[in-house]
Number of protein chains: 4
Amino acid sequence: MKEDDPGSKYFTDETTDRERAVFEAGITLGAIYHQFVGTPTRNEETLKKAIEESTLAHPFIVDAEVEVLNDEKSGDTPYEYPELGGKMLKVKLTSEYGDVQAVVGMKNVPELEYPLMHIIEIK
Amino acid sequence: MKEDDPGSKYFTDETTDRERAVFEAGITLGAIYHQFVGTPTRNEETLKKAIEESTLAHPFIVDAEVEVLNDEKSGDTPYEYPELGGKMLKVKLTSEYGDVQAVVGMKNVPELEYPLMHIIEIK
Amino acid sequence: MKEDDPGSKYFTDETTDRERAVFEAGITLGAIYHQFVGTPTRNEETLKKAIEESTLAHPFIVDAEVEVLNDEKSGDTPYEYPELGGKMLKVKLTSEYGDVQAVVGMKNVPELEYPLMHIIEIK
Amino acid sequence: MKEDDPGSKYFTDETTDRERAVFEAGITLGAIYHQFVGTPTRNEETLKKAIEESTLAHPFIVDAEVEVLNDEKSGDTPYEYPELGGKMLKVKLTSEYGDVQAVVGMKNVPELEYPLMHIIEIK
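Given the structure is predicted, the values throughout are model-derived calculations rather than measurements. (Residues numbered from 1 in each chain as written. Chains lettered and ligands numbered in written order. Predicted model: local features only at pLDDT ≥ 70, side-chain atom pairs only at ≥ 80, totals over all residues. Heavy atoms only, no water.)

**Some points on the interface of chain C and chain A**
- Opposite the 12 residues of chain C that make contact, chain A presents 12 residues.
- Note on chain C versus chain A: buried area summed over both sides is about 1100 Å², and carbon and sulfur give 58% of it.
- Across the contact surface, chain C and chain A share 0 salt bridges.
- Viewed at the interface, chain A and chain C are joined by 2 residue pairs in polar contact (both at pLDDT 80 or more).
- Elements supplying a minimum of two residues to the side of chain C that touches chain A: α1 (17–36) and β4 (114–122) of chain C.
- A breakdown of the residues in the side of chain C that touches chain A according to their chemical character gives 7 nonpolar, 2 polar and 3 charged. (Contact = heavy atoms within 4.5 Å. Buried area = accessible area lost by both parts, 1.4 Å probe. Salt bridge = Lys/Arg side-chain N within 4 Å of Asp/Glu carboxyl O. Polar contact = N/O pair within 3.5 Å; in protein donor to acceptor, adjacent residues only side chain to side chain. Helix = DSSP H or I, 4+ residues; strand = E, 2+ residues; numbered from the N terminus. Nonpolar A, V, L, I, M, F, W, Y, C, P; charged D, E, K, R; others polar.)

Below, the structure written as structure tokens:
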């Protein structure tokens, strides 16, 4: 990998491919959350696709699945529309560095009342 | 209009429908710019649609046309990808309040080196 | 004003100074909301100052007052921290164009369950 | 650490403390970038402090140093003001999980024409 990655020399030599894959996956989750949370939308399908495309544009990301869970604003006044909240966003993505793939996700964990980002698998 | 708008009582009585239409249009331009600038993407078409949908979700917006102008990053390294810059975004939208429509836009103005937001027509 | 504003020629001639002031104020409210909502913070005072400075950096904005209302996350787990929600943000700002000043605001309106942006005064 | 972290059970058991520290650090870099890039400002010092506070509000982040490098907009027209660009942002932060600390950074790398996020040290 390192021979194809002009950025690798800026990393400490101790960085394993597993750690690098996890690092890139973490960056992408943080980016997606803070780029898109707050977006007003009435069309979850289009927003889902835009978030997936944006996820895949990050370096070393090879797969992305996004769900935008439905909010329940009814639309009775001009001011009622869904705005993408952190807990409405479910993401699973895979980064690849060298021979390692890291599968990570973000989902609302009711027990924590928090949109948790977590490592699902490193393979 | 005012009878359908539960928010109108929070505005000064002096507000004309023209001013209200222009205000809502301005809010939406500012929102779109600061929500989406910085989004990484390799698929301008999907991003364009997501921005249009988001624009239309704002109160009192009845029409939206978005263009995402192409950046020229070549993709030779893992780090080269287009990120939506303010000058790549061209937007035209129409707000409606009462009998008034305001058509406003955002476009890069080379003379000002600035993505200018401007009022195109009030009708 | 127009003689000092190289952008004015991109506006329809029908634009009054009142409408222009309201337009610039609206842009700035939309920008502030979508730039800062979602920001994690434990120090509301610093965030408030940063939002005020950012507001004043917008063209034609001459005054800004921001309040970041306290959220009540308790901090018992590593995941509990306030994230700036739209309803926690209270803003009052003044734009000036020519001889006109527009005073606008954003505040949570419980009746609408909405962070309403509104025109307070045009003078 | 795991006994104090109610989120740890959502991670694969194979996750080492090093990997977890790197993951949390990566999330925070991605979040900071996409939260703050695009912010208009005329006061880099206030913005720097707000970004540092926001960085420290993320779970498991124990230290943060931010620099906002000066842009050179001159301010001759109402439209000229610095907007925080990705390449103007220099960040160094430390995450801690269990006995491990990960020091990571973001800085513009002219060779890559890219604001690179990198792992500086894991200790």
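That shown, we press on.
**Points about the sheet that holds strand β1 (residues 61–68) of chain C**
- Read across the open sheet, the 4 strands follow the order β1-β2-β3-β4 (chain C); overall the sheet is antiparallel. Looking along the sheet, the strands with just one partner apiece sit at the ends: β1 and β4 of chain C. Neighbour-to-neighbour, the strand axes of the sheet open up by a mean angle of 15°, direction not taken into account.
- Helix-sheet contacts for helix α1 (residues 17–36) of chain B involve β3 (100–109) and β4 of chain C, and the interaxial angle to β4(C) is about 130°.
- Sitting on the sheet, α1(C) is in contact with β1, β2 (89–97), β3 and β4 of chain C, with an inclination near 150° to β2(C). (Pairing = 2+ DSSP bridges. Axes fitted to C-alpha atoms, helices over the stretch in contact; angles between N-to-C directions.)

**Overview of the relation of the copies chain C and chain A**
- Note on the copies: chain C fits chain A at an RMSD of 0.0 Å, the axial shift is 0.0 Å, and the rotation between them is 180°. With respect to symmetry, the two chain copies, as superposed, fit the operation of a two-fold axis. Considering only C-alpha atoms, the part of chain C nearest the rotation axis is Gly38(C), at 3.6 Å.
- Both copies contact each other with a shared surface, as 100% of the interface residues of chain C are interface residues in chain A too. (Least-squares fit on C-alpha atoms with pLDDT ≥ 70 in both.)

**A short note on the pairing of strand β2 (residues 89–97) of chain B**
All names here are of chain B.
- Pairing geometry for strand β1 (residues 61–68) and β2, over 7 bridges, is antiparallel. Among the inter-strand pairings, Glu-67 is bridged to a residue of β2, identified as Lys-90.
- Where β2 lies against strand β3 (residues 100–109), 7 bridges are found, and the strand directions are antiparallel. The residue bridging Leu-93 from the neighbouring strand is Val-104, located in β3.
- Taking the residues that link successive antiparallel strands as the turn, the β2-β3 hairpin has 2 residues, and the phi of Gly-98 there is positive, at about 60°.

**A closer look at empty space enclosed by the protein**
- All chains considered together, the criterion is met by 1 cavity of 30 Å³ or more.
- By volume, the largest cavity is sized at about 110 Å³.
- In terms of lining, the largest cavity is formed by His34(A), Gln35(A), Val37(A), His34(B), Gln35(B), Val37(B), His34(C), Gln35(C), Val37(C), His34(D), Gln35(D) and Val37(D).
- Taken together, the residues that form the lining of the largest cavity break down as 4 nonpolar, 8 polar and no charged. (1 Å grid on protein atoms, 1.4 Å probe; cavity = no way out; pocket = protein on both sides within 12 Å on 5 of 7 lines; lining within 4 Å. Points joined across faces, edges and corners; volume = space filled by probe spheres on them.)

**What to know about the pattern of salt bridges**
- Counting across every chain of the model gives 24 salt bridges over all chains.
- Between Glu19(A) and Arg18(D) there is a salt bridge; the shortest N-O distance is 2.6 Å. With Glu19(A) in helix α1 (residues 17–36) and Arg18(D) in helix α1 (residues 17–36), the pair connects residues from two separate chains.
- The class of Glu19(A) is buried, set by a relative accessible area of 4%.
- On the basis of relative accessible area, Arg18(D) is assigned to the partly exposed category, the value being 26%.
- Salt bridges sharing common partners tie together Asp5(A), Arg20(A) and Glu24(A). (Buried < 20%, exposed > 50% of the residue type's maximum accessible area, 1.4 Å probe, protein only.)

**Some words on the environment of Tyr114(A)**
- Mapped onto the elements, Tyr114(A) comes out in strand β4 (residues 114–122).
- Of the residues examined, Tyr114(A) reaches a relative accessible area of 11% and is grouped as buried.
- Sequence-wise, Tyr114(A) and Lys87(A) are 27 residues apart; in three dimensions their C-alpha atoms are separated by 7.2 Å.
- Setting aside anything within four residues of it in sequence, one finds Tyr114(A) in contact with Lys87(A), Lys107(A), Asn108(A), Val109(A), Tyr79(C), Tyr81(C) and Pro59(D).

**Here's the deal with the interface of chain A and chain D**
- At the interface, 34 residues of chain A touch 34 residues of chain D.
- Interface area for chain A against chain D, summed over the two sides, is near 3000 Å², with a carbon-plus-sulfur share of 62%.
- Across the chain A-chain D interface, the total number found is 6 salt bridges.
- For the interface between chain A and chain D, the tally reads 16 residue pairs in polar contact (both at pLDDT 80 or more).
- Those elements giving two or more residues to the side of chain A that touches chain D turn out to be α1, β3 (100–109) and β4 of chain A.
- In terms of residue count, the dominant contributor to the side of chain A that touches chain D is α1(A) (11 residues).
- Tallied by class, the residues present in the side of chain A that touches chain D amount to 18 nonpolar, 9 polar and 7 charged.

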